[in-house]
Amino acid sequence: MDQADDAVPIAEMLDERQHLLAVAYWMLGTGPDADEVVTETYRRWYGLSGPERARIAEPLSWLVKTAGAICLTCLALPERRGPGAAGTAGDTTVRACPSLTDEVSEVLLNALDSLSPAERAAFVLNDVFGMAPQVVAEIVGQTEQECTELAERARRTLRTRRSSPTMPHQHDRMVRAVREACAAEDSALLSSLLAPDATAFFDGGGKVRALDRPVHGALNVARSLLTLLSHRPRTALDLHSVNGRTGIVVRYDGQVAAVISFDIAGHHVVQVWAVLNPDKLRLWNRPDASRGVPRVPGVPGGPGGSNDVSAADRDYGLL
């Protein structure tokens, strides 16, 4: 093969490196560590022979799997830094890639540090980067079902750490206020209901064109929610019990298109979990869904107990 055949457009080259840095940053929590992982990933790439590289049909996929495996090894090291080791002002990787700090707050990074290496890897690869289950399983070194369970445990831990115990009526009142702000398309009101470091996760499962990365910060979360829930004909926002707490169910043409749950601390929403993956919403759209409220995979229950949503806010044809 001629050397010219290995040439890569500069935009693709830089986007590839940025993606690898993002994966490593979410996995490890510091810019220097992420930079070291990416350096080692490329060292292994160029350690392959020319024919070996030529046989790799999707180089980015190979690079991500390799970076993920290196991160998992780093997370398991006993000398791994504890909570609070997020990148500092002197972190050149974060300064060079400011979008990393736009995506993830130090509070969330510290919460991720409380997870086991396997839980963190399964959560980051699945929820943050939306990787295919078989890819996540290959990187984590466990079965797809085991990785699903690891991600579920990670979500429960994150929700418990970031939210605070909230009485059912308080949780209900906050979610109603969020729905009203979304229905009125009131950005200022919605932003005021969100914590400054709020984070929103959008799970499209690669089946719909949803945001493929978390959104961080009250203004950004508000803008993304208002865009997602912007008023259109045949679109309805209803309050429903979502895994035991009040959430928002979005219907388009009578079909459930999204299920959104919220983590609340004090008087603010700290995390938003929007499930748009049609596979996970299948139970909500089955003909016999009226027999009970389906549990939404990927939206675990959390602090606050159950909520009773009034009959006026229910659609008995679906619940």
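Here the structure is shown first, and the text comes after it.
Structure report, in brief. (Residues numbered from 1 in each chain as written. Predicted model: local features only at pLDDT ≥ 70, side-chain atom pairs only at ≥ 80, totals over all residues. Heavy atoms only, no water.)

1. A word on the sheet that holds strand 3 (residues 235–242)
As a reminder of what qualifies: Following DSSP output, two strands are said to pair if at least two bridges run between them. Numbering goes from the N terminus for both helices and strands, where a helix is a DSSP run of H or I of at least four residues and a strand is a run of E of at least two. Contact definition: two residues touch when any of their heavy atoms are within 4.5 Å. Here, axes are lines fitted to C-alpha atoms. For helices the fit covers the stretch in contact, and angles between N-to-C directions go from 0 to 180 degrees.
Taking strand neighbours across the sheet as the criterion, the 6 strands line up as 2-1-6-5-4-3 in an open arrangement whose pairing is mixed. Looking along the sheet, the strands with just one partner apiece sit at the ends: strand 2 (215–216) and strand 3. Bridge analysis of strand 1 (residues 194–203) against strand 6 (residues 268–275) gives 6 bridges, and the strand direction is parallel. Within the sheet, the bridge partner assigned to Leu194 lies in strand 6 and is Val269. Contacts from helix 11 (residues 168–183) reach strand 3, strand 4 (245–252), strand 5 (255–265) and strand 6 within the one sheet, and its direction differs from that of strand 4 by about 25°. The strands that helix 13 (residues 218–228) touches are strand 1, strand 2 and strand 6; relative to strand 1, the one it contacts most, it runs at about 40°.

2. Some points on the environment of Val256
In plain terms, the rule: Per-residue accessibility, obtained with a 1.4 Å probe over protein chains only, is compared with the maximum for each type, and a residue is labelled buried under 20%, exposed over 50%, and partly exposed between these values.
Locating Val256 in the fold gives a position in strand 5. For Val256, a relative accessible area of 5% corresponds to the buried category.

3. A short note on the layout of surface pockets
This is how the line gets drawn: Grid points spaced at 1 Å and placed over the protein atoms alone form the basis of the search, with a cavity being a set where a 1.4 Å probe fits but cannot get out and a pocket an open set showing protein on both sides within 12 Å along at least five of seven lines. Lining residues have an atom within 4 Å of a point. Grid points are joined across faces, edges and corners, and a volume is the space filled by probe spheres set on the points. Amino acid classes used here: Ala, Val, Leu, Ile, Met, Phe, Trp, Tyr, Cys and Pro are nonpolar; Asp, Glu, Lys and Arg are charged; the rest, including Gly, are polar.
In this structure, the second largest pocket occupies an estimated 440 Å³ of space. In terms of lining, the second largest pocket is formed by 21 residues, of which the most central are Asn126, Pro133, Thr148, Asn277 and Lys280. Mapped by element, the contributors of at least two residues to the lining of the second largest pocket are helix 9 (133–140) and helix 10 (144–162). At 6 residues, helix 10 tops the list of elements feeding residues into the lining of the second largest pocket. Split into classes, the residues belonging to the lining of the second largest pocket amount to 7 nonpolar, 7 polar and 7 charged.

4. Quick notes on the pattern of salt bridges
So the rule is basically this: By definition, a salt bridge exists where a carboxyl oxygen of Asp or Glu is found within 4 Å of a side-chain nitrogen of Lys or Arg.
Within this structure, the stated rule accounts for 16 salt bridges. Residues Arg159 and Asp263 are paired through a salt bridge, measuring 2.5 Å at the closest nitrogen-oxygen approach. Highlighted residues: Arg159 in helix 10 and Asp263 in strand 5, separated in sequence by 104 residues. Overall, the relative accessible area of 0% leaves Arg159 in the buried class. With a shortest N-O distance of 2.3 Å, Asp279 and Lys207 are connected by a salt bridge. With Asp279 in the segment after strand 6 and Lys207 in the loop between strand 1 and strand 2, the pair connects residues that are 72 residues apart, well separated along the chain. The class of Asp279 is partly exposed, set by a relative accessible area of 34%. Three or more residues are tied together by salt bridges with common partners; here these are Glu40, Arg43 and Arg44.

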